[in-house]
Amino acid sequence: MIAIIDYDAGNIKSVEKAFAFLGEQTVLTRDRDVLLNADHVVLPGVGSFGDAMKKLKDYHLVNTIYDIVDRKIPFLGICLGLQMLFESSEESPGVSGLGILPGEILRIPETDGLKVPHIGWNSLTLCNQGRLFENIPENAYVYFVHSYYLKAREEQIVKASVEYGTHIHASVEKDNIFACQFHPEKSGDIGLKILQNFAGR
């Protein structure tokens, strides 16, 4: 069973539908026991870093997430769910992230000819043999919606990157933790394959 953390995030339904299409059983929950007994856990997210961290705290989900990670349950952060795994974000100065992985979230710089937020399809450069990207071709296109991007401190955890006004760390993996800045649930067959690779962990 794949548990999707319910903290009023915006893209939960599309994540549920994508896993259902793959034949995976999902449950939308913020119940600690259900989350800790799931086979896989997903932290989706669309919105503001500060607001989302506040909701995780209000729903008493922060320690639950730490325990999920400690128990080595495969854990996937999507979009804002990736960003909150790190230490801080320029979007919400003074607000701490979960700090599970080292790095910071920065604003995409204004660049001539490029719009911020970054909305649309971009091709991935794969590196470091990411498990999410098994049987995914180099330069595969995935769908992004974001104004802030990850700069991870550990290069070896970066499994995919993209260029959009700057060098963006688009996906990371470490132990049982997986995360994508892009939206696999909105990325067609490539995105479904990425979710299938996660569900197979």
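Residues numbered from 1 in each chain as written. Predicted model: local features only at pLDDT ≥ 70, side-chain atom pairs only at ≥ 80, totals over all residues. Heavy atoms only, no water.

Asker: Report on the sheet that holds strand S5 (residues 88-89), specifying residues and quantitative values.
Answerer: With respect to topology, 3 strands assemble into an open sheet ordered S5-S6-S10, the strand pairing being mixed. Two strands in the sheet have a free side with no partner beyond their single neighbour: S5 and strand S10 (148-152). Taken together, the 2 bridges between S5 and strand S6 (residues 103-107) define a ladder with parallel strand orientation. Bridge pairing in S6 places Ser88 opposite Glu104. (Pairing = 2+ DSSP bridges. Helix = DSSP H or I, 4+ residues; strand = E, 2+ residues; numbered from the N terminus.)

Asker: Go over unusual backbone geometry, please, and point to the residues and values.
Answerer: A cis amide bond, omega 10 degrees, links Val116 with the succeeding residue Pro117. In this model, Asp8 sits at a positive phi of 70 degrees, which is unusual for a non-glycine residue. For Asp8, a relative accessible area of 41% gives the class partly exposed. Despite not being glycine, Asn128 has its phi angle at roughly 60 degrees, a positive value. Mapped onto the elements of the fold, Asn128 is located in the loop between strand S8 (125-126) and strand S9 (141-146). (Buried < 20%, exposed > 50% of the residue type's maximum accessible area, 1.4 Å probe, protein only.)

Asker: Quick one: what's the story with the packing of helix H1 (residues 12-21) against helix H6 (residues 188-199), residue by residue and with numbers?
Answerer: Helix packing geometry: the angle between the two helix axes and the distance between the axes. Between H1 and H6, the least distance of the axes is 10 Å, while the angle of their chain directions is 75 degrees. Judged on the interaxial angle alone, H6 and H1 are roughly perpendicular. In this structure, H1 contributes Ala18, Phe19 and Phe21 to the contact, and H6 contributes Leu192, Leu195 and Phe198. Its residues placed into classes, the contact of H1 with H6 shows 6 nonpolar, no polar and no charged. (Axes fitted to C-alpha atoms, helices over the stretch in contact; angles between N-to-C directions. Parallel < 35°, antiparallel > 145°, perpendicular 65-115°, else oblique. Contact = heavy atoms within 4.5 Å. Nonpolar A, V, L, I, M, F, W, Y, C, P; charged D, E, K, R; others polar.)

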